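# Geometric and topological summary
For reference, the chains in residue letters:
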Amino acid sequence: MGRQINVALIGNPNTGKTSVFNALTGLKQKVSNYPGTTVDKKEGVCKLPRGLKAHIIDLPGTYSLNASSLDENVVVELLLNKTDKNYPDVAVIITDVENLKRNLLLFTQIKDLRIPTVLVINMADRMKHRGISLNIPLLEKKLHTKIALISTRQKTGIDELKDIIYNYKEVPTEPCLDTSRIDPDYFDSLRQAFPNQDLYKLWLVISQDANFGKMSRKTLEIEKFKTKSISELKRLQQKETIKRYQFINSVLKVGQTVDTSKATGLRARLDRILTHKVWGYVIFFVILLTIFQAIYDWATIPMDFIDGAFASLSHWLKEVLPSGAATNLLAEGIVPGLGGILIFIPQIAFLFLFISVLEESGYMSRVVFLMDRVMRRFGLSGKSVVPLISGTACAIPAVMATRNIENWKERLITILVVPFTTCSARLPVYLIIIALVIPEGRFIGLSYQALSLMLLYLIGFGSAIVSAYILDKLLKIQRKSYFVIEMPNYKVPLLRNVAITVVEKTKAFVYGAGKIILAISVILFVLASTGIGRQFNEAEYLVRMEVAGENLSEEEIETRIASHKLEHSLIGVAGKAIEPVIQPLGYDWKIGIAIICSFAAREVFVGTLATIYSVGQDDEATIKNRMKKEINPVSGVPLFNFASGISLLLFYAFAMQCMSTLAIVKRETNSWLWPMVQLVFMTALAYVVALIVYQFLK
Amino acid sequence: MFNEIVQASLVIIAMLIAALFLIRKYVLLPKSKKASKDCGHDDCGC
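What you are looking at is a predicted structure, and each value in this text was computed from that prediction instead of being measured.

Turning our attention to the overall build of chain B. Secondary structure assignment for chain B yields one helix and zero strands. Of the accessible surface of chain B, which amounts to about 3400 Å², a share of 69% is contributed by carbon and sulfur atoms.

Before going further, it helps to examine the overall build of chain A. The secondary structure content of chain A amounts to 30 helices and eleven strands. In chain A, buried positions account for 55% of the 698 residues. Counted over contacts in chain A with a minimum sequence separation of 6, partners at least 24 positions apart contribute 73%. A total accessible area of about 31400 Å² is found for chain A, and carbon and sulfur atoms account for 60% of it.

Moving on: the packing of helix α11 (residues 279–320) of chain A against helix α14 (residues 363–377) of chain A. Residues and elements named next belong to chain A. Two elements in contact, α11 and α14, have axes separated by 11 Å at closest approach and are oriented at 125°. Judged by the angle between their axes, α11 and α14 are oblique. Crossing of α11 against α14: the hand is left-handed. For the pair α11 and α14, the contacting residues are Gly-280, Tyr-281, Ile-283, Phe-284 and Ile-287 in the first and Tyr-363, Val-367, Leu-370, Met-371, Arg-373 and Val-374 in the second. Classifying every residue of the contact of α11 with α14 gives nine nonpolar, one polar and one charged.

This paragraph deals with the nonpolar core. Residue and element names in this part refer to chain A. Ile-433, Leu-453, Tyr-587, Phe-605, Phe-640 and Leu-648 are the most contacted members of the largest nonpolar core, which totals 134 residues. Apart from the residues lying within four places of it in its own chain, the contact partners of Phe-640 are Ile-433, Leu-436, Val-437, Ile-591, Leu-609, Tyr-613, Met-627 and Leu-648. By size, the runner-up hydrophobic cluster in this structure holds 53 residues, among which are Ile-10, Ala-91, Ile-93 and Ala-124.

By the secondary structure assignment, Lys17(A) is in helix α1 (residues 17–25). Lys17(A) gets classed as buried once you look at its relative accessible area, which sits at 8%.

This part covers the pattern of salt bridges. Residues and elements named next belong to chain A. Per the stated rule, a full pass over the model turns up 19 salt bridges over all chains. Lys-409 is the partner of Asp-472 in a salt bridge, and the nearest nitrogen-oxygen pair spans 3.2 Å. Of this pair, Asp-472 sits in helix α19 (residues 448–474) while Lys-409 sits in helix α17 (residues 408–417); the two residues are 63 residues apart in sequence, bridging distant segments of the chain. Of the two residues, Asp-472 and Lys-409, neither departs from the other in class, the shared state being buried. For Glu-668, the salt bridge goes to Arg-411, with nearest N and O atoms at 2.6 Å. Here Glu-668, found in helix α29 (residues 659–669), pairs with Arg-411, found in helix α17; they are 257 residues apart in sequence, far enough to count as distant. The same class applies to Glu-668 as to Arg-411, namely buried. Linked through salt bridges whose partners overlap, the residues forming this network are Glu-540, Arg-544, Glu-554 and Glu-558.

Turning next to the packing of aromatic side chains. Aromatic ring pairs are reported here in terms of the distance separating the ring centres and the angle at which the planes meet. All names here are of chain A. Across all of its chains, the model carries ten aromatic pairs over all chains by this definition. Taking the centre distance of 6.0 Å and the plane angle of 75° together, the rings of Phe-378 and Tyr-469 count as edge-to-face. A residue pair is termed long-range when its members are at least 10 positions apart, and Phe-378 in the loop between α14 and α15 (385–390) and Tyr-469 in helix α19 qualify at 91 residues. Sitting over the face of the ring of Tyr-245, Lys-101 holds its NZ or CZ atom 5.2 Å from the ring centroid. For the cation-ring pair, Lys-565 lies above Phe-536, with the distance from its terminal atom to the ring centre recorded as 5.1 Å.

A word on a nonpolar patch on the surface. Residue and element names in this part refer to chain A. A cluster of nonpolar side chains, contributed by Ile-273, Val-278, Trp-279, Val-282 and Val-286, occupies part of the molecular surface with about 460 Å² of accessible area. Element by element, the count of residues in the nonpolar patch is highest for α11, at three residues. The topology assignment puts Ile-273 in helix α10 (residues 266–274). Judged by relative accessible area, which is 45%, Ile-273 ranks as partly exposed.

With that settled, consider helix α9 (residues 230–255) of chain A. Across its 26 residues, α9(A) extends 37 Å between first and last C-alpha, which sits within 8% of the 38 Å expected from 1.5 Å per residue. By the burial criterion, the buried members of α9(A) are Leu233(A), Leu236(A), Gln237(A), Glu240(A), Lys243(A), Arg244(A), Phe247(A), Ile248(A), Val251(A), Leu252(A) and Gly255(A).

This next bit is on the environment of Ala393(A). All names here are of chain A. Tracing the sequence through the fold places Ala-393 in the loop between α15 and α16 (395–400). Classification of Ala-393 as buried rests on a relative accessible area of 14%. Each C-alpha atom of the pair Ala-393 and Thr-422 lies 7.9 Å from the other, and the pair is 29 residues apart in sequence. Each residue touching Ala-393, except ones within four places of it in the same chain, is listed here: Phe-352, Cys-423, Ser-424 and Lys-505.

All names here are of chain A. Averaged over all residues, the pLDDT of chain A equals 82, while 91% of them reach at least 70. In this model residues 28–39 is a low-confidence stretch, pLDDT under 50, and it forms 27 contacts with partners more than four residues away in sequence or in other chains. Taken together, the stretch residues 211–221 has pLDDT below 50 and engages in 27 contacts with residues farther than four places along the chain or on a different chain.

Turning to its location among the elements, Gly51(A) is positioned in the loop between β3 (40–47) and β4 (53–58). Along the sequence, Gly51(A) and Gln4(A) sit 47 residues apart, while their C-alpha atoms lie 8.8 Å from each other.

Residue and element names in this part refer to chain A. For Arg-50, which is not a glycine, the phi torsion comes out positive at approximately 55°. The topology assignment puts Arg-50 in the loop between β3 and β4. Judged by relative accessible area, Arg-50 falls into the exposed class, the value being 75%. Non-glycine residue Asn-670 carries a positive phi angle of around 55°. Here Asn-670 is to be found in the loop between α29 and α30 (673–697).

Our next topic: the pairing of β4(A). Residues and elements named next belong to chain A. For β4, the tally of buried residues reaches five of six residues, placing the bulk of the element in the interior. Across six bridges, the pairing between strand β1 (residues 4–11) and β4 is parallel. Opposite Val-7, over in β4, you have Ile-56 as the bridge partner.

Rules of the game
- Residues numbered from 1 in each chain as written.
- Chains lettered and ligands numbered in written order.
- Predicted model: local features only at pLDDT ≥ 70, side-chain atom pairs only at ≥ 80, totals over all residues.
- Heavy atoms only, no water.
- Helix = DSSP H or I, 4+ residues; strand = E, 2+ residues; numbered from the N terminus.
- Areas by Shrake-Rupley, 256 points an atom, 1.4 Å probe, with all protein chains shown as cover.
- Buried < 20%, exposed > 50% of the residue type's maximum accessible area, 1.4 Å probe, protein only.
- Contact = heavy atoms within 4.5 Å.
- Axes fitted to C-alpha atoms, helices over the stretch in contact; angles between N-to-C directions.
- Parallel < 35°, antiparallel > 145°, perpendicular 65-115°, else oblique.
- Left-handed = near helix turned anticlockwise from the far one by under 90°.
- Nonpolar A, V, L, I, M, F, W, Y, C, P; charged D, E, K, R; others polar.
- Core = buried A, V, L, I, M, F, W, Y, C linked by side-chain atoms within 4.5 Å.
- Salt bridge = Lys/Arg side-chain N within 4 Å of Asp/Glu carboxyl O.
- Phe/Tyr/Trp six-rings, centres within 6.5 Å; stacked < 30°, edge-to-face > 60°.
- Lys NZ or Arg CZ within 6 Å of the ring centre and 35° of its normal.
- Patch = residues over 30% accessible without salt bridge, like charges linked within 9 Å, V, L, I, M, F, W, Y side chains within 5 Å.
- Expected span 1.5 Å × (residues − 1).
- pLDDT = per-residue confidence, 0-100.
- Pairing = 2+ DSSP bridges.

Given below as structure tokens:
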């Protein structure tokens, strides 16, 4: 009987592992169930020189040894158990030449188990298309391994791989990473507690404990060792991953060259156009214009329907319910407040539809790459683009997305400037004010309103990068970082994924904002319906006395009475108190109240105004029409005119009106200093810009 | 009279619930709650 060695084929999913298995075994594999799991492993035999046979075991695909699913755990269990009859004499790691960086994470982990590890770089036939060239001898030296560059599609490199497997004893077992560098103190104590055990194996067992409960503890008898909490272990796992990617980046920087100008194929041609230093930006600009135009053109009909439906609902409730405070609260407070925000569902859904299509198609990654060039000039890296783009949905996940920026200075700057990007909460404010103050005409087929909205998005993005530039100059922290992004293939967006994104994001907007607006509407209504003193309690008598000489209809008198009561209600008194501060910006006390309420969340602004303008009103007018009819008591002109509207739009473009974002910034920076800097700077900037603009335009 | 009392009571209850909700969201919870990674699921805070 000839000698036989165990060869484990391991790799990320979709790296062509099974093709390599078939090429080695000549399709003689058998399929058997792995004990205790539903995952299949394939086994086969490969004949090597001098009668040596390789028992090839094709293991389930896994991204790393930090297994999070049971099928991934199959690989970890085999590699940690030397007594397993399938324990490999040599591990063959299959990678895809187009995704080498990501695939090498698993390679470095297995290499550190000190098993002879061979690196197979598959799909070599794609190198020319992608403009990739590899320095194999240098990569072998840096990674302490033997490399087989193969193409299962063109059947090249398989014999070389068999030679390497045959000579597996010559493959170095030197690790890639000094495990103790992850946390020197912790690993020192681990080494002292278990002097005869391999440090990385111990670490893997402990970290698997964190992932899967008590698995494998007995194997290495470490129950006596006082291990860290699960959250601390997870943090160390993240640290390990970062250290590994730092190592991989340094290796690929010298061993791999990607020259897109030499790339061929449809994807490469598209990439060359979409990431072109001139055309790339032009195309992105045209796409943005199309999106904003479509948002306006397509959403008008459903928006008008929702607006009208809520106005009718208010009117109907007043007619069918017994009159009284609770009915008024419902018809004049809650329904208009909610209607004020639900009206924006169509536009928000369309915006997320477009963003989702761009993400799904693979275009968004090209935008990130494109923006990296701009970002670097302003003290940010390409990694900051992801939070800035995700900030268009909500600043909170965007601030949290900065966690993948290793450099503290870049991370801090990104956190501080992210709230400038136009989040979905600003959208209702922009949409209602634009509809009131920007004319409906068109310029070369593009509506002024769509152009205004796009301009506001650009102002948000522009202020973020200008602020980043200033902060980069002000903050004296050393920095040096690299940005590597994996470009996904272009694909037709999956309808299901797009639909899920649109539904989830719209639902989040409605539920998130809806609950706050509902609560604030109730409070505002009560404050607007309650008052102290003669002016409120005897409002009807006082107004009728005042208008006795005027020839007014009963309806006009009723409106005057409602207005007088509101002005002397609790909210009116509070609003009047702050009016001197906001009057220079062109706002009245009602807008002042809405601004104060929207410190909780920006979208509350519209709901607040909708509630305030509905108190005491019996007509069936929509929110937009009520806002249109408002007259500035000081100047006598419509309250929402061009000057005050632009001033209000710019105030919201710059102001830090989100308490939740401040709380997250505090948590991420571990200090109240930075959220306070953000709050004071952004509010002051918003006030000054709004003041200048109003005084200039009025 | 009965209608007025019921309606006033409903308004007071709604007012208390609303106030408690806002206090819980903006005063009590930010100290203890960890925000979700994902906006829209659980309470991301926005």
